[in-house]
Amino acid sequence: MDLAISFTDNGEIFGYKTQGWRRVFCAAGYILSCGALLLLFYWRPEWDVWANCIRCSLEEADIVLLRTTDEFQRYTRKKVTWIDLSTLALPFGSNSDGPLVADKDSVINRAVMKPQLKIRCIQVQKIRYIWDFSVKEFKKVGSLEDSNTCHSIHHKFGAGLTREEQKIRQLVCGPNAIEVEIHPIWKLLFKEILNPFYVFQAFTLTLWLSQGYIEYSVAIIILSIISVGLTVYDLRQQSTKLHDLVEEHNKVQVTVCTKSEGCKELESCYLVPGDMFLLDGKKLSLPCDAVLIDGSCIVNEGMLTGESVPVTKTALPLVESLMPWKTHSMEDYRRHVLFCGTEVIQTKATGRGPARAIVLQTGFNTAKGDLVRSILYPKPVNFKLYRDAFKFIVGLSVIGVFGLIYTVCVFVSHGPVADVVTMALLLLTAAVPPAIPAALTTGTVYAQRRLKKKKIFCISPQRINICGQINLVCFDKTGTLTEDGLDLWGIIPSEGSRFQKIHKFPSSTPLPWGPVCGAMASCHSLVVLDKKIQGDPLDLKMFEGTHWEIEDSSTAQDGAGALNICVVRPGLKASSAPVEGIAILHQFPFSSGLQRMSVVSQKIGEEQYDLYMKGAPEIVSSFCRQDTVPVNFLKELKTYTSQGFRVIALAHKVLNLGKDVDVKEAESGLVFLGLLVMENRLKQETKPVLRELAAARIRSVMVTGDNLQTAVTVARNAGMIHTGSKVILIEAKEPEGSAPASIAWRLAEDCKANTAEKITLEGETCNYHFAMNGKSYQVITKYFYNLLPKILVNATVFARMSPGQKSSLVEELQKLEVGGVGGWTDLSPSSDSHGFQALKMAHAGISLSEQEASVASPFTSQIPNIQCVPELISREGRAALVASFAVVKYLTLYGLIQFVGTALLFWQLQIFGNYQYLIQDVIITLLVCLTMSLTEAYPKLAPYRPPGQLISPPLLLSIILNVCFTTAMQTCGFLLVKQQPWYIAHCSPGNQTVSPTSPGENGTSSGAQSTVLSYEDTTLWPLSSINCIIVAFVFSKGKPFRKPIYTNYVFSVLLALQLVICLFLFFADIDAVYSGMQVTLTLCHVTPQDVILQNKHLWLLIKAWFGYQSNSQYRKWQRMLQSDPSWPPVNAKDFEAKSTDEIYINPTYEHSNE
């Protein structure tokens, strides 16, 4: 019996069946506990399921419990529902054993319970899953099966679905709509109020109000109402914006074709997977994911990628292949897919009629739906600060419980039970300041405001604290470290297997006509939109270098009908050419997976067809006849890439096959034409920023889609690889035949002159760096995973990385615990939705955008360079983290100071007066919490990070010592006052003695009316008040992460005023002993805190004395590699070890759509 099975890539599912008698007992528990049990089940849904249900198989379950397998182990409760198909007018024979839908491979056929015609389903994060009886699992529905081949997609769905099948799919898959609910204000308010923090706060305030402590309670209530109101308003605004963003695409009119009724207009919400619809040339915002089966089109994918660059989509080939269509197209299958949310701006019909597409996915299964789901259900941030804060509160609660027991023991024989319980709960709440969770956010709120002034926007404020712990940043190259645009530097033509004289740009003489000029004029994906040439910046620069011109889409007549053809003609400044122009008949668009693009063209007035190719030199040369590739090709390529140039290769072939060509046959035996050299300059801000990060011991890594040699050169020029450091190139190859997978290590050419120098790794710096391309990274991840951590410790350059590989790299760095987090800065995202996956996966993804906030990343900067990185990650992040720690430490000490004072007074059956509490709580503590975090970040980065743990020796020792000083001094004051000759045990009428009172009256409320305090109270209250002010001063340390305390004018003036007010109140009636004790208090607090506990060098000595070493995976590997004489390997080659164990396969590659 399956009690638990794998549900998704990161979750498990368990089956449960509801039992009546259990529900009755739980209902009784709800009533007897006055709703407390119901509230507990709301917070912990798994307890609700365990209490009301019994375990069973998933097949019998009416309730399922989902559990994530990440470090959070979060539970979600879902009810199993039924879809009834018997209400539909189904064709005769549907109740038999035959398939319900025509596609025999569809999960719908395997999910129908016959003869009832019902389907079991659950809804998880907007995605519907139905029960597959054949494999006993819940399967996702709303997509076409990936097992379909190219041939089956064309033949099963090319003519459309029947009307009956459409209805079945509509009922099972649900509407094709991305619906974001605008939550009612009452629901948001209810959800916010039921937060454990506010529930505890409500309990505390109720207790305080019952004791007549009205002023402070009202102040806290007002602040809480403002806080809840702002949170609810913000959530409401976010859901409204997201709803408005997606709603307009839910009701698009499309022309859908069915087998029985032909083509007709239909609202897009009725589309189902398998529907065939027409693209008739009108601009269309795509309401679903679809695969193009006929014709081609140009789409704007800016909605998903942030780049408004036109992308050409081509039809899925009709080939007889047994492989699934995605596998057949390899990682390049996206060039056939039209993604939901993108805009079709131009279509190109074929002789068979308008362009046609098959619906692949609908609703939240689409690319846009997935993006919206990532906003609605963000991945929880794993940061020790928030986990430690919870542990901290639990620890304080334990102290409070001890205080509760102490109070009961003291008061049990001196008053009614109600008074004893009240006093016990008062001491419990004194130990746990309810503002601790809120205090963690004060620093981030102020930091967010300062970042906004610097044009850095954040959609996830809690990540600002995480930025304070980052010590590794991954940078994209083009547009991030280097200038956004490329400049055409020159063309090196090849003729007769030899490179010719370089033609530089700009030049007084135009590029002469020839195959090279033809390739530059036609091998691109540029289009004319609104009388303006648009497309990839590289294509645009290349085309502009020819001085040719693109005509608007013209119409040429063909025997089968009309075709839209792109025509390029020589411009006025172009060199004379013997051709009138070139017609681009067919495009095989560029993709990051293939690293090349091709076009089939025809010179106007001639019958000959030409194929031109451009792309990565290593790739293009492999498609050329070797007798046309110059012998010194690699040497010439390295000459330019080593100088940091971007190099593109060009190739050509004459075709005699007609217009419909097989791409594999056409892209072979090409003639190598030459190298196109593009210049990509470093931004002037890059070097200083990277130097600043290096000085702060923040490691920089480059991850780019460019050539490896170019990337290494840019890394050297930018300062990522220091002068004198060695670069070890890693090349890994997959198994070939009987040969196992191999990995080779060789020193880069520019390092070989100094091979005699020993390669070492010492401390934080090393004199060697690893560099590799995406293909090698993928092989290492798959076949040499045990070596990956060793490599990542010192890997600096990753080139030719696909978007999926970038995401995987961020994940692997986070596993390595490089400083606890990995950062990602991508200022020119890939034109693929997976480029944003890396931004989202990183703890502090930053993207450049002119908009105020990007859904693609937690942070968006309007500063067009990497200056935002030290500003965000290092300065504001560190300052916010330190501020959060300072406020938490202060609140903890404030709570414990009051706890000790109250506990001592309870021994005498006394309590502080309400106005005394009011001064400490509002005039001192509340104002301190609101202003302490206003101190700005220190402008210079320290070469180390602030502590990332609340539960750490320095912080705990700081609190413990302060508590000991507080306890000692308050106890001394408490005992010394009793020994004075003028001491009276119970002074009248002003004592605060808690004694049995009549109903409706208690000792605290009656005592609050007194004007004279007891001697114990008069002693302890000044001590605790001065203590709170001194602790606030001590914990507001400035350097090295924040500016000095005196620069925070509001806070400094406030502390001075508080001290003046307190001293004024104290000196109204004081003696020499009292005065002397205040002086002692001041000295003994500043010294240990400032001199000892905040001294980093002293802590380093203590760590070295006790042999303490960091437990992070990164430091462990670093220490191990330092002591390994065989590392790093140079000029060596290793092979995959033969093992009976299963080879590790990174899930990112197994599930990546690359």
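Conventions and cut-offs
- Residues numbered from 1 in each chain as written.
- Predicted model: local features only at pLDDT ≥ 70, side-chain atom pairs only at ≥ 80, totals over all residues.
- Heavy atoms only, no water.
- Helix = DSSP H or I, 4+ residues; strand = E, 2+ residues; numbered from the N terminus.
- Buried < 20%, exposed > 50% of the residue type's maximum accessible area, 1.4 Å probe, protein only.
- Contact = heavy atoms within 4.5 Å.
- Areas by Shrake-Rupley, 256 points an atom, 1.4 Å probe, with all protein chains shown as cover.
- Phe/Tyr/Trp six-rings, centres within 6.5 Å; stacked < 30°, edge-to-face > 60°.
- Lys NZ or Arg CZ within 6 Å of the ring centre and 35° of its normal.
- Polar contact = N/O pair within 3.5 Å; in protein donor to acceptor, adjacent residues only side chain to side chain.
- Disulfide = S-S within 2.5 Å.
- 1 Å grid on protein atoms, 1.4 Å probe; cavity = no way out; pocket = protein on both sides within 12 Å on 5 of 7 lines; lining within 4 Å.
- Points joined across faces, edges and corners; volume = space filled by probe spheres on them.
- Nonpolar A, V, L, I, M, F, W, Y, C, P; charged D, E, K, R; others polar.
- Salt bridge = Lys/Arg side-chain N within 4 Å of Asp/Glu carboxyl O.
- Core = buried A, V, L, I, M, F, W, Y, C linked by side-chain atoms within 4.5 Å.
- Pairing = 2+ DSSP bridges.
- Expected span 1.5 Å × (residues − 1).
- Axes fitted to C-alpha atoms, helices over the stretch in contact; angles between N-to-C directions.
- Parallel < 35°, antiparallel > 145°, perpendicular 65-115°, else oblique.
- Left-handed = near helix turned anticlockwise from the far one by under 90°.
- Patch = residues over 30% accessible without salt bridge, like charges linked within 9 Å, V, L, I, M, F, W, Y side chains within 5 Å.
- Bend = angle between axes of the 7 residues up to and from the residue.
- pLDDT = per-residue confidence, 0-100.

1. What about the overall build of the protein?
When its secondary structure is counted, the protein shows 37 helices and 45 strands. When the 1154 residues of the protein are sorted by exposure, 52% land in the buried category. Taking the contacts inside the protein whose residues are at least 6 apart along the sequence as the reference set, 73% of them involve residues at least 24 apart. In the form shown here, the protein has an accessible surface area of approximately 51600 Å², with 58% of it arising from carbon and sulfur atoms.

2. A word on the packing of aromatic side chains
The geometry of two aromatic rings is summed up by the distance between their centres and the angle between their planes. Within the structure shown, the criterion is met by 14 aromatic pairs. Consider the rings of Y768 and F770, whose centres lie 5.4 Å apart with planes at 70 degrees: the pair is edge-to-face. Accessibility classification places Y768 together with F770 in one group, the buried group. One aromatic cluster is present, formed by W489, Y640 and F645 through successive ring pairs. One cation-aromatic arrangement involves R120 over W131; the distance from NZ or CZ to the ring centre is 5.4 Å.

3. Observations concerning the side chain of S808
Within the secondary structure, S808 is located in helix 26 (residues 803-815). S808 sits in the buried class, given a relative accessible area of 0%. Separated by 3.0 Å, the side chains of S808 and Y777 make a polar contact.

4. Focus on the state of the cysteines
Within the structure shown, the criterion is met by 1 disulfide. Disulfide pairing places C257 opposite C263 at an S-S distance of 2.0 Å. Note on the C257 and C263 pair: the S-S dihedral is about 90 degrees, so by sign convention the disulfide is right-handed. By relative accessible area, which is 46% here, C263 ends up partly exposed.

5. Quick notes on empty space enclosed by the protein
Here the structure, examined in full by the defined rule, presents 5 cavities of 30 Å³ or more. Within this model, the largest cavity holds a volume of roughly 60 Å³. Class assignment of the residues belonging to the lining of the largest cavity gives a composition of 5 nonpolar, 4 polar and 1 charged.

6. So, the pattern of salt bridges
As enumerated under the stated definition, the model contains 24 salt bridges in all. The shortest N-O distance in the salt bridge between E551 and R569 comes to 2.2 Å. With E551 in the loop between strand 27 (548-550) and strand 28 (554-558) and R569 in strand 29 (residues 561-570), this residue pair connects regions lying 18 residues apart in the sequence. For R569, a relative accessible area of 22% translates into the label partly exposed. A salt bridge links E618 to R800, with the nearest nitrogen and oxygen atoms 3.6 Å apart. Here E618, found in helix 19 (residues 617-622), pairs with R800, found in the loop between strand 41 (795-799) and helix 26; they are 182 residues apart in sequence, far enough to count as distant. Given the relative accessible area of 36%, E618 is considered partly exposed. On the basis of relative accessibility, which here comes to 14%, the residue R800 falls in the buried class. Residues participating in the shared-partner salt-bridge network are R450, K454, E692, E871, R875 and E876.

7. Some remarks on the side chain of Q1058
With respect to the helices and strands, Q1058 occurs in helix 33 (residues 1049-1066). Dropping the residues within four chain positions of it, Q1058 is found in contact with I923, I924, L927, V928 and I1029.

8. Looking at the environment of K282
Looking at the secondary structure, you find K282 in the loop between strand 12 (276-279) and strand 13 (284-285). As a C-alpha pair, K282 and V344 span 62 residues in sequence and 7.9 Å in three-dimensional space.

9. Regarding the nonpolar core
Soluble, globular proteins show a tendency: their nonpolar side chains are buried together. If you look at the biggest cluster of nonpolar residues, it comprises 63 residues, and the most contacted ones within it are Y890 and M932. No other element matches helix 28 (residues 868-907), which puts 17 residues into this core. Setting aside anything within four residues of it in sequence, one finds M932 in contact with A886, V887, Y890, A1032, S1036, R1042, N1048 and F1051. Among the nonpolar cores identified, the runner-up in size contains 39 residues, and I464, L690, V727 and A844 belong to it.

10. Structural notes on the pairing of strand 33 (residues 646-655)
Most of strand 33 sits out of view: 9 of its 10 residues are buried. Pairing of strand 32 (residues 609-615) with strand 33 involves 7 bridges; the strand directions are antiparallel. Pairing of L611 across the sheet is with K653, part of strand 33. Here 7 bridges tie strand 33 to strand 34 (residues 671-679), and the two strands are oriented antiparallel to one another. Across the sheet, L650 pairs through a bridge with G674, a residue of strand 34.

11. Description of helix 32 (residues 1015-1034)
The end-to-end C-alpha distance of helix 32 is 29 Å, a good match for the 28 Å that 20 residues give at a rise of 1.5 Å each. A large share of helix 32 lies buried, amounting to 17 of its 20 residues.

12. A few points about the packing of helix 9 (residues 214-247) against helix 12 (residues 367-376)
Where helix 9 contacts helix 12, the axes come no closer than 12 Å and their chain directions differ by 175 degrees. Overall, the two elements helix 9 and helix 12 adopt an arrangement that is roughly antiparallel. Only K368, V372, I375 and L376 of helix 12 make contact with helix 9, whose side of the interface consists of L242, L245 and V246. Considering only residue class, the contact of helix 9 with helix 12 consists of 6 nonpolar, no polar and 1 charged.

13. Focus on the sheet that holds strand 11 (residues 262-267)
If you trace the 6 strands from one edge of the open sheet to the other, you get 11-10-12-19-14-17, paired in antiparallel fashion. Each edge of the open sheet carries a strand with a single partner, namely strand 11 and strand 17 (337-338). Examined bridge by bridge, strand 14 (residues 289-294) and strand 19 (residues 355-361) share 5 bridges and lie antiparallel to one another. Its bridge partner lying in strand 19, L292 is registered against A357.

14. Here's the deal with the packing of helix 8 (residues 196-210) against helix 9
One can describe the packing of helix 8 onto helix 9 by two numbers: an axis separation of 9 Å at closest approach and a directional angle of 155 degrees. Between helix 8 and helix 9, the angle is such that the two are roughly antiparallel. Crossing hand, helix 8 versus helix 9: left-handed. Counted together, Y198, Q201, L205, W208 and L209 of helix 8 and I214, Y216, S217, I220, I221, S224, S227 and V228 of helix 9 form the full contact between these two elements. Each residue belonging to the contact of helix 8 with helix 9 can be placed in one class, and the counts come to 9 nonpolar, 4 polar and no charged.

15. A word on a nonpolar patch on the surface
Where nonpolar side chains cluster on the molecular surface, the patch consists of L209, I214, V218, I222, L223, I226 and L230 and spans about 580 Å² of accessible area. Here the nonpolar patch takes 6 residues from helix 9, the largest share from any one element. Looking at V218, the relative accessible area reads 36%, which means it is partly exposed.

16. Quick notes on the environment of C150
Positionally, C150 belongs in helix 5 (residues 150-157). Between the C-alpha atom of C150 and that of P324, which follows or precedes it by 174 residues, the distance is 7.0 Å. Ignoring any residue separated from it by four or fewer positions in sequence, one finds C150 in contact with L316, P317, V319, W325 and H328.

17. Remarks on helix 29 (residues 914-931)
Counted at 1.5 Å a residue, the expected span for helix 29 with its 18 residues is 26 Å, and the 24 Å between its end C-alpha atoms agrees. Along helix 29, the largest kink reaches about 30 degrees and is centred on T925. With 13 of 18 residues buried, helix 29 lies mostly within the body of the structure.

18. Things to note about the sheet that holds strand 6 (residues 81-84)
The strand order across the open sheet formed by 4 strands is 6-7-8-9, and the pairing between neighbours is antiparallel. Pairing within the sheet leaves two strands with one partner each, and these edge strands are strand 6 and strand 9 (137-140). Ignoring strand direction, the axes of neighbouring strands in this sheet form an average angle of 45 degrees. Summarising the sheet, strand 7 (residues 118-124) and strand 8 (residues 127-132) pair through 4 bridges and their orientation is antiparallel.

19. Brief notes about the confidence of the model for the protein
Summary statistics for the protein give a mean pLDDT of 77 and a share of 79% for residues scoring 70 or more. Counted against residues more than four places away or in other chains, residues 819-824, with its pLDDT under 50, gives 28 contacts.

20. Overview of the environment of P354
Along the polypeptide, P354 turns up in the loop between strand 18 (343-348) and strand 19. Take P354: its relative accessible area is 37%, and that puts it in the partly exposed class. A C-alpha to C-alpha distance of 5.7 Å links P354 and D280, two positions 74 residues apart in sequence.

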